[in-house]
Structure formats: C-alpha cells, structure tokens
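Okay, here's what each chain looks like letter by letter:
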Amino acid sequence: MQLENILKVYQRGEKFLILNPLVSAWIVTNLNGVLLVKTYAETQSSAEFLKHAKNISAPSAEKFLNKARGEGLFKIPAAPFFHTPYTLRAVYLNMTARCNLNCIYCFAAERQESNFQMTFDDYKKILDGVKNYNLRAEIIFTGGEPLLAENIFPVAEYSKKLGFKNKLMTNATLITEKNIEKIVGLFDSIKISLDGSTAEKHDFYRGRGSYERTIKAVELLEKFGADFSFAMVVTKNNCGDISAMAEKWGGRLIFQPLFPLGNAKDNKNLYLTGKDYFDALKAAGVVPFVDLQTKVQVILKCALGDAEISVSSSGEVYPCQLLHHDIFKIGNLKENSFDEIYNSEKLYKFKMHTADCIEKCKDCDLKLICGGACQARHFSETGSLDIAGDFCKYERNGIIEGLISAANLQAV
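Just so it is clear, the model here is predicted, and its values are computed rather than measured.

Explain the packing of aromatic side chains to me, please; I cannot follow it from the model alone.
Each aromatic ring pair is summarised here by two numbers: the centre-to-centre distance and the angle between the ring planes. In this structure the tally under the stated criterion is 15 aromatic pairs. Seen from their ring centres, Y105 and Y205 are 5.5 Å apart, and the 55 degrees between their planes marks the pair as tilted. Linking Y105 in the loop between β4 (90-94) and α4 (120-130) with Y205 in helix α7 (residues 199-206), this pair joins segments that are 100 residues apart in sequence. Each member of the pair Y105 and Y205 is classed as buried. Seen from their ring centres, F328 and F379 are 4.9 Å apart, and the 80 degrees between their planes marks the pair as edge-to-face.

What's the story with the environment of Q2 in this structure? I'm lost.
Relative to the assigned elements, Q2 resides in the segment before β1 (8-12). Taking C-alpha positions, Q2 is 51 Å from F141, a pair spaced 139 residues apart along the chain.

For this particular structure, what's the right way to read helix α14 (residues 375-382)?
Where burial is concerned, most of α14 is hidden: 6 out of the 8 residues are buried. Among the residues making up α14, those that are buried are Q375, A376, R377, H378, F379 and S380. Where α14 is buried, its residues touch β9 (253-257). Following α14 by one or two positions, G383 has its phi on the positive side, about 80 degrees.

What exactly am I supposed to notice about the packing of helix α10 (residues 274-283) against helix α15 (residues 392-406) here?
In a pair of packed helices, the angle between the axes and the distance between the axes together describe the arrangement. Running from N to C, α10 and α15 cross one another at 35 degrees; their axes reach a closest spacing of 7 Å. Mapping the contact onto sequence places G274, K275, Y277, F278, L281 and K282 in α10 and K393, Y394, N397, G398 and E401 in α15. Counted by class, the contact of α10 with α15 contains 4 nonpolar, 3 polar and 4 charged residues.

Could you clarify how one ought to interpret the side chain of D241 in this entry?
Of note, D241 is situated in the loop between β8 (228-234) and α9 (242-249). One buried charged residue, D241, remains without a salt bridge, the closest side chain of opposite sign being K201 at 4.4 Å. Discounting residues that sit within four places of it in the chain, D241 has contacts with G196, S197, K201 and M232.

Would you mind showing me how to read helix α1 (residues 31-43) here?
Owing to its 3.6 residues per turn, the α-helix brings residues three or four apart onto one side. With 13 residues, α1 ought to run about 18 Å at 1.5 Å a step, and its terminal C-alpha atoms sit 18 Å apart, in line with that. For α1, the set of buried residues is G33, V34, L36, V37, T39, Y40 and A41. On its buried side, α1 packs onto β1, β2 (15-20), β3 (25-29), α2 (47-52) and α3 (58-70). Looking one or two residues past α1, Q44 carries a phi angle of roughly 60 degrees, positive in sign.

When you look at the sheet that holds β3 in this model, what are you seeing that I'm missing?
Two orientations exist for strands paired in a sheet by backbone hydrogen bonds: parallel and antiparallel. If you walk across this open sheet you meet the 3 strands as β1-β2-β3, and the pairing is antiparallel. Of all the strands in the sheet, the pair left with one neighbour each is β1 and β3. For this sheet, the mean inter-axis angle between neighbouring strands, taken without regard to orientation, is 20 degrees. Bridge count for β2 against β3 is 5 bridges, and the pairing is antiparallel. In the sheet register, L19 faces β3, and the bridge partner there is W26. Relative to the sheet, α1 contacts β1, β2 and β3, its axis offset from that of β2 by approximately 30 degrees.

What counts, and where the lines are drawn
- Residues numbered from 1 in each chain as written.
- Predicted model: local features only at pLDDT ≥ 70, side-chain atom pairs only at ≥ 80, totals over all residues.
- Heavy atoms only, no water.
- Phe/Tyr/Trp six-rings, centres within 6.5 Å; stacked < 30°, edge-to-face > 60°.
- Helix = DSSP H or I, 4+ residues; strand = E, 2+ residues; numbered from the N terminus.
- Buried < 20%, exposed > 50% of the residue type's maximum accessible area, 1.4 Å probe, protein only.
- Contact = heavy atoms within 4.5 Å.
- Axes fitted to C-alpha atoms, helices over the stretch in contact; angles between N-to-C directions.
- Nonpolar A, V, L, I, M, F, W, Y, C, P; charged D, E, K, R; others polar.
- Lys, Arg positive; Asp, Glu negative; His and termini not counted.
- Salt bridge = Lys/Arg side-chain N within 4 Å of Asp/Glu carboxyl O.
- Expected span 1.5 Å × (residues − 1).
- Pairing = 2+ DSSP bridges.

What follows is the structure, given as structure tokens:
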C-alpha cells in the first residue's frame, strides 16, 4: 500500500487539510506543508523537497514532519477497525403520542404505534433494567408532548431517585407557575423547540400563539435557574433567521435540519439539501464545528441501537427515536425484559450497522471521522439504512470546513 496514494488533500483558501483516511488522522498546513508531506510520503525523506524549497531549513522541515508523525499522518493500520458496541448512553421515553400542537413538519405524525399506555410500574421495570447497563445514562422524556403524560412526574422522580440524569424535550407551552418548580426539580436539562426569533416566524410552523407561550415558559425557567437550551429546526423558510436566533440565544441554541418524515412529506417546499443547509449556516457565521476530540477517536457509526434506544408510549423498543416503524421494532417491554431486548440478536444487527454497511460511506475518505452520519436521515431520504442520502454533502463540507477552521495551522 503506497502512502502517497492514501493521503488526501483539501484546500480552503491558503489553508490545506491533509488527511490519512485509514486512521482518522489529519493536519492543517500551508502549501509548503503539502509539498513536504507529498515528498516524504513518496521518498521517506525531505531531501528532495529541501532542494527546491526556498528559505526553509532542514530543522524546520523535520520539526513539521515530527508533528505530522505524532498526529498519525503516516500511519498504516495492520487491520481494518472493528466496532465494539457503545455503552448505552441515552434512553428516549416517549411518554405519550399526544401533542397540544400540530406542527407542519412533525416527524412523529407517521409513527406506527398502538394507543396502549404504559403504567408507572412498567416504567419502573424499564429504568431498573437500564441501571444495570449505565447509571450515568441520560433518560430523555419526549413524545408527543411529554407534559401531557399523566405519569411523567412520578416516572421522572423514580428515575432521579435511581441516579439518572433526566432531560425533558418539550415545546414548553405547558410550563406554568403551577408546575415550574416540579419541572426544574426533576429535570436536569430542558430542550425547547423554537423555530424563529419572532412570533411570525415560529408560529408559521407550530400555530398561532405558540411563540408567546413558549417565551413565557422561558422566562419562568430563567427565573427558577433551570438549565435549558433551544433546538431550531432549519428549513428553507427560516434559514435566513439563523443569524438572529444565534445572536438572541447564543450558546443555548443548536440547529437541526428538517427531516423529510411525517408531516414534512406534505411540505416539501420546506426541504433543504445538504449543501443548502451548509451554506445557510456558513452565511450566518455559524461555522459547522467538528469536535477535535475526534482526532484521537475513530467513529464507525452513529448511536443507533447501542448508545441510544427509544421506547414508545406503548412499550415498543426501537434503535432510534426517529425510526419508530414496524420494520425497526425490536420488541415490547410489556412482553420481554429490558435485558432480553437490549441483548437481542435483532438489536445487535443495528449495533453493528457501521459506515461499512452503507453505500457511498464505506468508500468515503471521511468515513472514520463522520461514522456514516445519521442513519435515520439516510432512511428518511432513501428508504434504506444501507444507502446514504444526498444530505451527506452537508456532513462532508461541514467536516472539512470545521477541521480547517478549528485546527491550529502547522505552517512550514
């Protein structure tokens, strides 16, 4: 295997990202750095480069090469990486399928679920099962609108008693003076859906008056010192509002692209391509950021089925919150124990569904950094977990731009 044929180079202005896709190693440099790396990769020596380079000393070149070696840029692995299933990190409890809003892009609208509701004792058994795998797992209360569930507070209280971190995902319109203290006391963090910086922009998606009720709830949460954040679903209609949202909410805000699921299928005019989404974030000054911790990691897949699972309000278990379809159903916790389901062969297939199982991903240079991206997104676009959708253009551009923007320049 020839090293010079392995290394990939991406340019943004005067900065260059040199990537070794076999080991998820990279360095950001200038043109001289690229030429030096190419020379070294071909000859295992910097002598030829130094013959033609001007004003560059041998010690400077060797210092750069030592840095590149330290980053693993010239490493060739003895064997391909193998995925060991992640530790369970998050369990989504969909407390109810009911919601007090009717959002025009709601992904849950097409879920295939029964109307049976689990009891408090059912949830106790689930949480007792989860604690055997990871007491530091996050229990995420969602729905529908979870605050419509009659037993949400007793279940959250039991979860907290066991030592779990509770997270509430809500539209916040049902948070009031009457329940605010209980909510703040039971939930370690709260994620609120907010799709615009004004009532006009937000209510377009979620109905008249929803923005005002959400903002009133935010004021209550601030008053009681709650840890809360916002999730903005970005569409073709509100992508121009990203800057205003970022300016208004800063570090509390995260962005989520619209998924073509549920009600969104009837509103295709709202769809963004991966390139559209990337360009919208970049134009707003929100540079897609890649966590540099991935520099010491190899990512082979998303959280599907091992790091995360999702439980419906009627007890069905799915490998992902966005994949509540019969073809993905693992079992029902009314019929099987948590151990039986989490250790089942059916779930194991999802635990091991890595980027190597996905067309386009398995041969991609960024595979070990991206890990195949969101597999639910692929399914929503292509109808299969095995075929990557076009939204990967965002992932690809985001990774390259993010690494070049965030990494320290190693100039020669």
